[in-house]
Amino acid sequence: MRTDVVIAGAGPVGLSLALELSNHGVRSIVIERKAMNAPTTVRCNHVSSRSMEFFRKNGFADAVRNAGMPSDYAQDISYRITTSGRELSRIKIAASGDRFTQRDTGVDADWPTAEPPQRVNQLYLEPIMIETAMARDEITVLFEHELTEFSQDADKVIASARSKDGTQLQIEASFLAGCDGGNSIVRQSIGGEFHGDAVIQRVQSTYLRAPDLISRMQVEPSWCMFSLNPRRSGNIYSIDGKELWLVHNYLRDDEPDFDSVDRDQSIRDIFGVGPDFEYEALNIEDWYGRRLVVDKLREGRVFLAGDSAHLWVPYAGYGMNAGIADAIDLGWILAGSVNGWGGQKLLDAYVAERGPITDQVSRFAMDHCIKMAAQRSSVPDDIEDDTPEGERSRARMGEETYALNIQQYAAAGLNYGYYYDQSPAISYDGEAAPDYSMSEYRPSTVPGCRVPHFHMQDGSSLYDNFGPVFTLLRCDPEEDVAEFTAAAQAVGVPLKVLDIAPPEEVARLYRHPLVFVRPDQHVAWRGSADSADPSVIIDLVRGA
């Protein structure tokens, strides 16, 4: 068999890579051990805004918004003494049916995007992505196949796979991408090793069915409900908005392992229910919170993305979503090489760009994990008392939980603030990118940053108007870009010129008459027609 790119793993990361390659006409074969639509983990519950923007580009963002919980089910985050007890605070997030309406008054309602985040479980997300991928002519998914080994030389990769019935096959490709998870055979084969903190948290996690739980609640149910009481601290995620729940029970430092803790009693303490309450455990999903980053993202024609390259505590939902960001960056880069216009430095750019971001996000997540653990361990003994002291304790915990956790559940910085400042395929101009935190950022056209979003005069998203590869935004229609288009055409680089008139709220950010944007929405160059040699700029951004 022959293809352009072999992808190990058909989870959200591998499928995102296949879709991005397909957007550029590049063929891929995706090798997946599981059967098609086999039961998957329910751990991932959040799709970031940047991931939703990518899903929009690929035509299935609306399907994701319509999946999982009912359209009127609150996607809020509620902090309570128990699931069925008194509420301490609530972070408001719009129900999917309230998005893009005046009813959307949540903390992310004013974010600069056409696609805010969406709370939907991986159980519902993966089938949508599989269906979308399998409808593309460029994508072949081999379910119930396992990558067994591979070799490479200067020109190609030869991957060997084995089907469930033992049939062996060989696939020749230009590149191989390991999107095969934390136990990645691809990572192990290229000698990549994880470094960091092996265990910073242990979570006893149970996927269960409890049809009567909502009827026990004193306040409106929400997507995520944390329980903070002296007996047990944990949280639950709604899977379907009705009866399916994922329960996280955070082990204390003096509890040696998962089996040392009474799972059933812990669930009841988190719910705030007695022995008469009935539920059905569907699956055990226990996990360790880690901060591990690989020391090698690439070897020759072999690349790593997603959990094969980094594992961390999934705060702010940035396990899967960081992997999708890897896939988006890697996809257009590999496409440039396969399609003949990308140079060697463009391949080098993947490691230079995603490596530092991976480390930054892992540290954000670890820092937040430590702060949340401290908060769980400081629940006052009188928090349930009907006394003035108890009321003060509840008020204080409500304020503290909101202040700490709005950072991860309204993580604008992690969505839009990260930038690439060490890439060989970006033309820097000396201005530093604005700093960002988990929750805060400042939009900028500094090369390496996400180009600031706005809606065009016809109401469409700026990003909806981009070309398939590079887009040259022209803020001044008098700028002559003929040399840019000629230089791009001469080396086969697809380039679309898009005239824009940024609205007042972002006009100050577009102070350069030209802004050169990549397929991943990051700025590659900015300036004027007479400030640089177009041929030099084109060669730099294509990694020649």
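Small disclaimer: the values here were computed from a predicted structure and weren't measured.

### Quick look at helix H12 (residues 482-490)
Among the residues of H12, those classed as buried are Phe484, Ala487 and Ala488. Buried residues of H12, viewed axially, fall in a sector of 100°; they line one side. Exposed residues lying more than 90 degrees from the buried face of H12 are Glu483, Gln489 and Ala490. The secondary structure elements touched by the buried residues of H12 are strand S21 (470-474), strand S22 (495-499), strand S23 (514-517), strand S24 (523-527) and helix H14 (534-541). Backbone geometry just after H12 places glycine 492 at a positive phi near 75°.

### Overview of the packing of aromatic side chains
Aromatic rings in a pair are described by how distant their centres are and how their planes are angled relative to each other. Under the criterion given, the structure shown has 20 aromatic pairs. On the basis of an interplanar angle of 45° and a centroid distance of 5.4 Å, the ring pair of tyrosine 463 and phenylalanine 466 is categorised as tilted. Of the residues examined, phenylalanine 466 reaches a relative accessible area of 14% and is grouped as buried. Of the aromatic side chains, those joined through ring pairs into one cluster are Trp332, Trp341, Phe470 and Phe516. The positively charged end of arginine 354 is found above the aromatic ring belonging to tyrosine 418, 5.6 Å away from the centroid.

### Side note on the sheet that holds strand S8 (residues 145-152)
Read from one edge of the open sheet, 3 strands run S8-S9-S10, paired in antiparallel fashion. Each of the sheet's edge strands pairs with one partner strand only, and the pair in question is S8 and strand S10 (168-173). Between one strand axis and the next, the sheet turns through 25° on average, direction left out of account. In terms of strand pairing, strand S9 (residues 157-163) meets S10 through 6 bridges, oriented antiparallel. Bridge pairing in S10 links alanine 161 to leucine 169.

### Section: the pattern of salt bridges
Scanning the entire structure with this criterion turns up 46 salt bridges. Two residues, aspartate 464 and arginine 56, come together in a salt bridge whose shortest N-O distance is 2.7 Å. Placement of the pair is aspartate 464 in the loop between helix H11 (412-417) and S21 and arginine 56 in helix H2 (residues 49-57), with a sequence separation of 408 residues. Judged by its relative accessible area of 31%, arginine 56 is partly exposed. Among the salt bridges present, the one from glutamate 280 reaches arginine 209, with a minimum N-O distance of 2.9 Å. Here the residue glutamate 280 occupies a position in strand S16 (residues 280-284), and arginine 209 occupies one in strand S12 (residues 194-209), the gap between them amounting to 71 residues. Using a relative accessible area of 27% as the deciding quantity, one classes arginine 209 as partly exposed. Taken together, the shared-partner salt bridges in this structure form one network comprising Arg56, Arg65, Glu115 and Asp464.

### Thoughts on the nonpolar core
Ile7, Leu17, Phe55, Val64, Leu334, Phe470 and Phe516 are the most contacted members of the largest nonpolar core, which has 64 residues in total. The dominant element in this core, judged by the number of residues it contributes, is helix H8 (residues 320-338), at 9 residues. If we ignore the near neighbours within four places in the chain, the residues touching leucine 334 are Val5, Leu21, Phe175, Phe303 and Leu347. Ile77, Tyr207, Ala210 and Leu213 belong to the second-largest nonpolar core, a separate cluster that totals 42 residues.

### Points about the pairing of strand S14 (residues 233-238)
Counting buried positions over the 6 residues of S14 gives 6, a clear majority of the element. By the bridge criterion, 5 bridges tie strand S13 (residues 224-228) to S14 in an arrangement that is antiparallel. Across the sheet, methionine 225 pairs through a bridge with isoleucine 236, a residue of S14. The loop that links S13 with its antiparallel partner S14 comprises 4 residues. Here S14 pairs with strand S15 (residues 244-250) via 5 bridges, running antiparallel. For asparagine 235, the partnering residue across the bridge sits in S15 and is histidine 248. The turn linking S14 back onto S15 is made up of 5 residues, and glycine 241 within it adopts a positive phi angle of 75°.

### Some remarks on the pairing of S24
Along S24, 5 of the 5 residues are buried, which leaves the element largely enclosed by surrounding structure. In terms of strand pairing, S23 meets S24 through 4 bridges, oriented antiparallel. The residue of S24 that forms the bridge with phenylalanine 516 is tryptophan 525. The antiparallel pairing of S23 with S24 creates a hairpin that spans 5 residues between the two strands, and glutamine 521 there sits at a positive phi of about 75°.

### Quick word on the packing of helix H1 (residues 12-23) against H8
The contact between H1 and H8 brings their axes to 8 Å, and the two run at 30°. Relative to H8, the element H1 lies roughly parallel. Like other packed secondary-structure pairs, H1 and H8 cross with a definite hand, here right-handed. Residues Pro12, Val13, Ser16, Leu17, Glu20 and Leu21 of H1 form the contact with H8, whose participating residues are Met320, Gly323, Ile324, Ala327, Ile328, Leu330, Gly331, Trp332, Leu334 and Ala335. When grouped by side-chain class, the residues that make up the contact of H1 with H8 number 12 nonpolar, 3 polar and 1 charged.

### Topic: the environment of glutamine 152
Within the secondary structure, glutamine 152 is located in strand S8. Glutamine 152 gets classed as partly exposed once you look at its relative accessible area, which sits at 29%. For the pair glutamine 152 and glycine 166, spaced 14 residues apart in sequence, the C-alpha to C-alpha distance is 24 Å. With near-sequence residues (within four places) excluded, glutamine 152 lies in contact with Val157, Glu299, Gly300, Arg301 and Val302. A distance of 2.7 Å separates the side chain of glutamine 152 from the backbone nitrogen of arginine 301, its partner in a polar contact.

### A word on the sheet that holds S23
Strand order in the open sheet formed by 4 strands is S22-S21-S23-S24, with mixed pairing between adjacent strands. Of all the strands in the sheet, the pair left with one neighbour each is S22 and S24. Across the sheet, the axes of successive neighbouring strands diverge by a mean angle of 20°, strand direction being ignored. Note that S21 and S22 share 5 bridges and pair parallel.

Conventions adopted
- Residues numbered from 1 in each chain as written.
- Predicted model: local features only at pLDDT ≥ 70, side-chain atom pairs only at ≥ 80, totals over all residues.
- Heavy atoms only, no water.
- Buried < 20%, exposed > 50% of the residue type's maximum accessible area, 1.4 Å probe, protein only.
- Helix = DSSP H or I, 4+ residues; strand = E, 2+ residues; numbered from the N terminus.
- Arc of directions from axis to C-beta.
- Contact = heavy atoms within 4.5 Å.
- Phe/Tyr/Trp six-rings, centres within 6.5 Å; stacked < 30°, edge-to-face > 60°.
- Lys NZ or Arg CZ within 6 Å of the ring centre and 35° of its normal.
- Pairing = 2+ DSSP bridges.
- Axes fitted to C-alpha atoms, helices over the stretch in contact; angles between N-to-C directions.
- Salt bridge = Lys/Arg side-chain N within 4 Å of Asp/Glu carboxyl O.
- Core = buried A, V, L, I, M, F, W, Y, C linked by side-chain atoms within 4.5 Å.
- Parallel < 35°, antiparallel > 145°, perpendicular 65-115°, else oblique.
- Left-handed = near helix turned anticlockwise from the far one by under 90°.
- Nonpolar A, V, L, I, M, F, W, Y, C, P; charged D, E, K, R; others polar.
- Polar contact = N/O pair within 3.5 Å; in protein donor to acceptor, adjacent residues only side chain to side chain.

Any link to function would need more than the numbers given here.
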